[in-house]
Amino acid sequence: MRTLLNIIWIVFAGFWLFLGYVAAGVLLCIPIITIPWAIASFRTAGYVIWPFGRTIVSKPTAGVGSFLGNVIWVIFAGWWLALGHLASGIALCITIIGIPMAIADFKMIPISLMPLGKDIVSTRQSEFDRAL
């Protein structure tokens, strides 16, 4: 089911949002000082293209540096990407089939605003977790 949702997601919204994150990452690679934000943008692009079966968790080691980096990110790229998620989520809500994808789209708004200090992890249990 996750694969089917991911394929539908790519067709209707994921590819265009992915391109937005990649474009932001490429632009952030131009000045050398913004490469950490570019890496966060590329990491988030990987999540945006294939979101079902993965989730976002906060890094326990994230501190003030991540917060300050996120403030800079919101000013330069985050709010544009969040508006993209909001617009595509509203468009996906028009059809019944699009509602699960719209919910996933709305769940991506926080990471589009604050990508630093976050990890993207699989929601599937590992063999070790099943043995417990």
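Residues numbered from 1 in each chain as written. Predicted model: local features only at pLDDT ≥ 70, side-chain atom pairs only at ≥ 80, totals over all residues. Heavy atoms only, no water.

Student: Looking at this structure, how should I read the UniProt feature "transmembrane region" (unreviewed entry) in the protein?
Tutor: Under the UniProt annotation, the feature "transmembrane region" (unreviewed entry) is placed at residues 7-24, 62-80 and 86-104. Regarding residues 7-24, the helix share stands at 100% and the strand share at 0%, and the terminal C-alpha atoms are separated by 23 Å. The span residues 62-80 shows a helical share of 89% and a strand share of 0%, and its end C-alpha atoms are spaced 24 Å apart. (UniProt positions renumbered as here; feature names shortened; annotations may be inferred. Helix = DSSP H or I, 4+ residues; strand = E, 2+ residues; numbered from the N terminus.)

Student: How should the nonpolar core be read in this particular structure?
Tutor: If you look at soluble globular proteins, the nonpolar side chains tend to sit buried side by side. In terms of nonpolar packing, the biggest core is built from 22 residues, with Trp 9, Trp 73 and Leu 92 touching the most fellow members. Of all the secondary-structure elements, those providing two or more residues to this core are helix H1 (2-29), helix H2 (35-49), helix H3 (64-92) and helix H4 (99-107). The contacts of Leu 92, once residues within four sequence positions are left out, are Trp 9, Phe 12, Ala 13, Gly 98, Ile 99, Met 101, Ala 102 and Asp 105. (Core = buried A, V, L, I, M, F, W, Y, C linked by side-chain atoms within 4.5 Å. Buried < 20%, exposed > 50% of the residue type's maximum accessible area, 1.4 Å probe, protein only. Contact = heavy atoms within 4.5 Å.)

Student: Where do I start with the UniProt feature "domain: Inner membrane component" (unreviewed entry) in the protein in this structure?
Tutor: The sites that carry the UniProt feature "domain: Inner membrane component" (unreviewed entry) are, in the present numbering, residues 4-54 and 68-118. A distance of 14 Å separates the end C-alpha atoms of residues 4-54, which is 80% helix and 2% strand.

Student: Honestly, the environment of Gly 78 in this entry has me stumped. Any pointers?
Tutor: Mapping Gly 78 onto the fold places it in helix H3. Spatially, the C-alpha atoms of Gly 78 and Ile 109 are 9.0 Å apart, while their sequence positions differ by 31 residues. Non-local contacts of Gly 78, meaning those with residues more than four positions away in its chain, are made with Trp 73, Ser 112 and Leu 113.

Student: Explanation requested: the pattern of salt bridges in the structure shown.
Tutor: A side chain with one charge may pair with a side chain of the opposite charge, provided their charged atoms come close. Enumeration over the complete set of coordinates arrives at 1 salt bridge. Linking Asp 119 and Lys 59 is a salt bridge whose minimum nitrogen-to-oxygen distance equals 4.0 Å. On the criterion of sequence distance, the pair formed by Asp 119 in strand S2 (residues 118-122) and Lys 59 in the loop between strand S1 (54-58) and H3 is long-range, its members being 60 residues apart. Assessed through its relative accessible area of 31%, Lys 59 is described here as partly exposed. (Salt bridge = Lys/Arg side-chain N within 4 Å of Asp/Glu carboxyl O.)

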